[in-house]
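# Summary of the model geometry
Here is how the chains run, residue by residue.
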Amino acid sequence: MVTKFNANGWVEFIAGFRSPQGRFQIVRIMPQEKGEPSYRVKGENEAFERIARESELRHPGEI
């Protein structure tokens, strides 16, 4: 499976309604969901992990 992001890399959520702010570290690459790669990410200021689809993420500073 080809993915845009690597494990242990840093990403941001694409700005939008209810998008969490800040940087998130990719903890693990998950199996594809609905034909799209998914990631388990953890915010640098959060105590929990969340799952995000590749289309919801971008590299830090990317517009």
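A short tour of the structure in this document, coming up. (Residues numbered from 1 in each chain as written. Predicted model: local features only at pLDDT ≥ 70, side-chain atom pairs only at ≥ 80, totals over all residues. Heavy atoms only, no water.)

Next up on the list: the sheet that holds strand 5 (residues 57–58). Hydrogen bonds between backbone atoms are what pair the strands of a sheet, whose relative direction is either parallel or antiparallel. Spatially, 4-3-2-1-5 is the arrangement adopted by the 5 strands of the open sheet, whose pairing is antiparallel. Two strands in the sheet have a free side with no partner beyond their single neighbour: strand 4 (49–53) and strand 5. (Pairing = 2+ DSSP bridges. Helix = DSSP H or I, 4+ residues; strand = E, 2+ residues; numbered from the N terminus.)

This paragraph deals with the pattern of salt bridges. Going through the model one piece at a time under the given rule, you end up with 5 salt bridges. Glu 49 serves as the salt-bridge partner of Arg 40, at 3.6 Å between the closest nitrogen and oxygen. Using a relative accessible area of 21% as the deciding quantity, one classes Arg 40 as partly exposed. We classify Glu 49 as partly exposed; its relative accessible area is 36%. With its nearest N and O atoms 2.7 Å apart, the salt bridge here joins Arg 50 to Glu 46. (Salt bridge = Lys/Arg side-chain N within 4 Å of Asp/Glu carboxyl O. Buried < 20%, exposed > 50% of the residue type's maximum accessible area, 1.4 Å probe, protein only.)

Bringing the pairing of strand 3 (residues 36–43) into the picture now. The buried fraction of strand 3 is high, at 6 of 8 residues. Sheet topology note: the strand 2 (residues 24–33)/strand 3 ladder contains 7 bridges and is antiparallel. Within the sheet, the bridge partner assigned to Ile 29 lies in strand 3 and is Tyr 39. Linking strand 2 back to strand 3 in an antiparallel pair, the connection comprises 2 residues, with Lys 34 at a positive phi of about 60°. With 5 bridges joining them, strand 3 and strand 4 adopt antiparallel strand pairing. What sits directly across from Arg 40, in strand 4, is Ile 51. Remark: 5 residues form the turn of the hairpin made by strand 3 and strand 4, two consecutive strands paired antiparallel.

With 9 residues, the main nonpolar core is built from Phe 5, Val 11, Phe 13, Phe 24, Ile 26, Tyr 39, Val 41, Ala 52 and Leu 57. Among the elements of the structure, strand 1 (10–13), strand 2 and strand 3 are those that each provide at least two residues to this core. Phe 5 has contacts with Val 11, Ile 26, Ile 29, Tyr 39, Glu 54, Leu 57, Arg 58 and His 59, leaving out every residue within four places of it along the chain. (Core = buried A, V, L, I, M, F, W, Y, C linked by side-chain atoms within 4.5 Å. Contact = heavy atoms within 4.5 Å.)

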